[in-house]
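# Structure at a glance
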Amino acid sequence: MESFHTRFSAWTPFNNKSLNRQLFQERVALISHWFDLWTNKQRQEFLFAIFLRCTKSQLRFVQDWFSERKQVAKLDFSTVLPRFISLYIFSFLSPKDLCAAAQVSWAWKFLTEQDCLWMPKCVKFGWFLPYTPTDNEYGAWKHHYIACVSHLDWLTPREAAATYGTLNEPKTEDEELLERHREKCLRKRIWEKIALRRKELFKVRPPWVSGTGCSSVLKPRCQPRLSQTVRERAGSHEALEKQLVLTSLETLPKQSNISGSHSYPLLSKKNWHGLYKNDNSSSFALRPHVILISSRIPAYEMVVESVKSGVISVVYEHSVTLESLLYLIEKALDGQKAQSMGIFSDGDSRDINLLQGYKIGVKNLLKPEVRDFWEKLGSYVATEEEGGHVDFFAPLGASEAGTEVLSQLSQLTGTFFTAPTGIATGSYQHILSDWLGAQWGKAPSSIYFSESKLQTWSSFTDFLEDTLKEVRKQLCPLFKELQKSISGRMIGQFMFETMGMSDILNNQEIAQALADGLMELSKEDSERNGIEDNSWDTKSRLSKNDLNFEALINLERMLQRDSDEKRTRVVRELLQSERKYVQMLEIVRDVYVTPLKAALSSNRAILSAANIQILFSDILRILSLNRQFLDNLRDRLQEWGPAHCIGEIVTKFGSQLNTYTNFFNNYPVVLKTIDKCREMIPAFRTFLKRHDKTIATKMLSLPELLLYPSRRFEEYLNLLYAVRLHTPAEHVDRGDLTTAIDQIKKYKGYIDQMKQNINMKDRLSDIQRIIWGCPTLSEVNRYLIRVQDVAQLHCCDEEISFSLRLYEHICDLSLFLFNDALLVSSRGTSHTPFERTSKTTYQFIASVALHRLLIENIPDSKYVKNAFILQGPKYKWICATEAEDDKFLWLSVLQNAIKSRMEK
């Protein structure tokens, strides 16, 4: 009976395992039978009751069973992948999608609001945080993005076009008429050929075909077989029209744009023959215009982009030959004759630098190869009677030598040659001035180029030349030192090869004479051109001595008349340049000041009244002053004559330059205020983005427009020098002009000194910022002379001689030499993850006054080279440069700085 003893059940034996197993299987089968008979709701209630009774290990068993046999369909990837991979996936979402993803769960909200996702989206639109978020601050960049977007003033494309206009250049009346004529001609030819083809198809169509295609409803099962000709004619109507369009376009005139493509680029063919190639009855106005652009022009790609549609542009390398240039022109014209041809190359008022080795001027114009080139070039252009002309984009019309070049070329080729008459007041600004003998109602520059784009390029070259000036100024001392070093090496090599040591020591005067001779030889090339010009003038003066007295009097009268004409021309250019300058100042008033004040008065302020006062009060005073100066010049030129004067007008203007002084003193504050308002005020940032670099602002930004007053004084000086040059010594205006020039020159020196001080202060601030732990460097009359990177060495045993000492490299140093002190800092390199570039870091070590610094040279040995010792009151540094030249230059500059400091 004990074998049948049960536990918790009268039906389950406790000790008999076989019976226990049998009864358990029978009951499992019975419950399974019942489970099969239950409904879905009953099954769910049964499973719920079973799972409530299960332990954790049993529930884990169920979970493992499901994970092994059933794949989970939905899984949050952010819980499985590492966090940086999840953030990388979220970085591809747009801001709208990120906001939607933040509503999925708290985990996704935390990930999608990270600053690493929102900061690039803000920086892309120029939206920067006005502060640095703390370590525990959460979602700062997302909130900043939403704030910036909510302050945007959205406009539809139609509203934007109505308010600000479009970027399309307006066409002239002749271009619009020509375009309409082309469209009308094209449409007429297409419809004529389509109608003719339809008639042919109508004649040969089968009787069961309706129109040009078979009806799918009435088509029988057993369709008769058509001939091959009929089936080809009854083809696709779309392909027919396309073929007709291509055929009709072949008869239209060829019209190339700047990139060489045609007016219909999608339908253009490889071999295009214009209508005017063999049409002798076409008018001269429909001949193409050609512009030659030298690759030596700075940023010539921008010049190419500004060429008008329909003008053939040819870009040539400066190193090609004359024959190669003629070949390029002939290939571009393709048998046609050009109505006009422009040559855009660098040059001055005496000659034009056409190609390498061919500086076209009075001296070499009649050389055989040069003469043949111009004769062939003139044959490609229409004659003067037909309205043809060749335009040089160099100020040849501003001097007698340049005018003589144009006259000889016109006589040689029978084509009218012209050039701008403006004084070179800036980088290629003469292009936009008056042209010599222009009779076409508009300047030649407007024939070839879009004036707004050309103005943008001209402004860009101005900034580029200013930058190159600064680079030359910085590199000039280095090149001088390098020149001295090379000359010293040449002298040393020469003396050691030809003389002994005793002779060298006894002939130091010879060495100095050789050095002076090498220095003079280096100046010979720069002075040779001036000597040649003086010899030419001397010969011309000797040839005129044979003239009689009466001829000399006539020549003097002619020169006096010519001088009066040139004086009048320069004064008119002064008026024209002043008008353009005032227009640029009015752009600041109309585009920026007026809308900002209107928004302020309508309670929708973009900037506060105080910020507007800081930014624009000085420039508006300058505008008022120059507007009055322009009116005085205009009134004087209305009744201009040889005896009239402009010196007192300029002198009066020069006495009121205190307005400019306030502007230049406040200019750094203005720039900082613009940057601060751009970062802090999203509405102002949007305002600048909408108005900067548009057609209304001549493709310039607000800081670039505010640079014009500083550049204007150099133009004043050049123009006033030209006026005084053509003013006789006995003229009443001569003294006033000299006074005005002295005023402008003195004020320009003040501006240059202010620029230099600001640049030195900015440079000191940059050095103080990059050196960690650096003391204040901004002091009066302090400036940076040179920076030298060296290696700091440590001597293992200083008691032995220099030739046997061993050194070890400790660290890298950077030596900043100022005019009154030497700053020593350690130099290191830090790398940013996932970036190839490295960043140089500096740590301040010490600063030593120059009058307390001692220098000791360490001779080269097999253990060390290019080493020296810097000894201060508290510290000593053993340094070594990488190259011997660096050590020589550094020690010479340092010794000169110490000597200059000791003399003060």
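Rules behind the numbers
Residues numbered from 1 in each chain as written. Predicted model: local features only at pLDDT ≥ 70, side-chain atom pairs only at ≥ 80, totals over all residues. Heavy atoms only, no water. pLDDT = per-residue confidence, 0-100. Contact = heavy atoms within 4.5 Å. Core = buried A, V, L, I, M, F, W, Y, C linked by side-chain atoms within 4.5 Å. Buried < 20%, exposed > 50% of the residue type's maximum accessible area, 1.4 Å probe, protein only. Helix = DSSP H or I, 4+ residues; strand = E, 2+ residues; numbered from the N terminus. Patch = residues over 30% accessible without salt bridge, like charges linked within 9 Å, V, L, I, M, F, W, Y side chains within 5 Å. Areas by Shrake-Rupley, 256 points an atom, 1.4 Å probe, with all protein chains shown as cover. Salt bridge = Lys/Arg side-chain N within 4 Å of Asp/Glu carboxyl O. Polar contact = N/O pair within 3.5 Å; in protein donor to acceptor, adjacent residues only side chain to side chain. Arc of directions from axis to C-beta.

Time to look at the confidence of the model for the protein chain. Detailed reading of the predicted coordinates is not advisable wherever pLDDT falls low. Across the protein chain, the average pLDDT comes to 77, with 76% of residues at 70 or higher. For residues 525-549, every residue scores under 50 in pLDDT, and the model assigns this stretch four contacts once sequence neighbours within four places are set aside.

Another point: the nonpolar core. Formed by 63 residues in total, the largest nonpolar core has its most connected members in F616, Y660 and F713. Elements with a contribution of two residues or more to this core: α22 (549-601), α23 (609-638), α24 (647-654), α25 (658-680), α26 (682-691), α27 (702-705), α28 (708-725) and α29 (733-770). If you tally residues by element for this core, the top one is α22, at 15 residues. In contact with F713, not counting residues within four places along its chain, are L657, Y660, F664, I744, Y747, K748 and I751. Core analysis: the next-biggest nonpolar cluster, separate from the first, contains 34 residues, L333, I352, W374 and F392 among them.

Side chains of V471, L475, L478, F479, L482, I486 and M490 sit close together on the surface and give an oily, nonpolar patch of about 610 Å² of accessible area. Within the secondary structure layout, L482 lies in helix α19 (residues 451-498). The exposure class of L482 is partly exposed, given its relative accessible area of 38%.

Pairing is possible between side chains that carry opposite charge, provided their charged atoms lie close to one another. Throughout the structure, instances matching the rule amount to 20 salt bridges. Between R627 and E586 there is a salt bridge; the shortest N-O distance is 2.1 Å. Of this pair, R627 sits in helix α23 while E586 is found in helix α22, placing the two residues 41 residues apart along the sequence. Exposure remark for R627: the relative accessible area of 29% places this residue in the partly exposed category. Notably, a salt bridge pairs R634 with D631, separated by 3.0 Å at the nearest N-O pair. Here the residue R634 and the residue D631 both occupy positions in helix α23, the gap between them amounting to three residues, near one helical turn.

Positioned with a positive phi, K693 is a non-glycine residue whose angle comes to about 55°. Summarising the element assignment, K693 is placed in the loop between α26 and α27.

Our focus in this paragraph is the side chain of N626. Assignment of secondary structure puts N626 in helix α23. Its relative accessible area of 0% is what places N626 among the buried residues. A polar atom in the side chain of N626 sits 2.8 Å from the side chain of E578. Of the polar contacts made by the side chain of N626, one reaches the side chain of Y716; its length is 3.0 Å. If sequence neighbours within four positions are ignored, N626 has contacts with E578, Y581, V582, F653, Y660 and Y716.

Here we come to helix α8 (residues 115-124). Listed as buried for α8 are L117, W118, K121 and C122. Taken end-on, α8 shows its buried residues confined to a sector of 120°, consistent with a single buried face. For α8, the secondary structure elements touched by its buried residues are α5 (83-90), α6 (95-101), α7 (106-112) and α9 (140-150). Two residues or fewer after α8 comes G126, characterised by a positive phi angle close to 80°.

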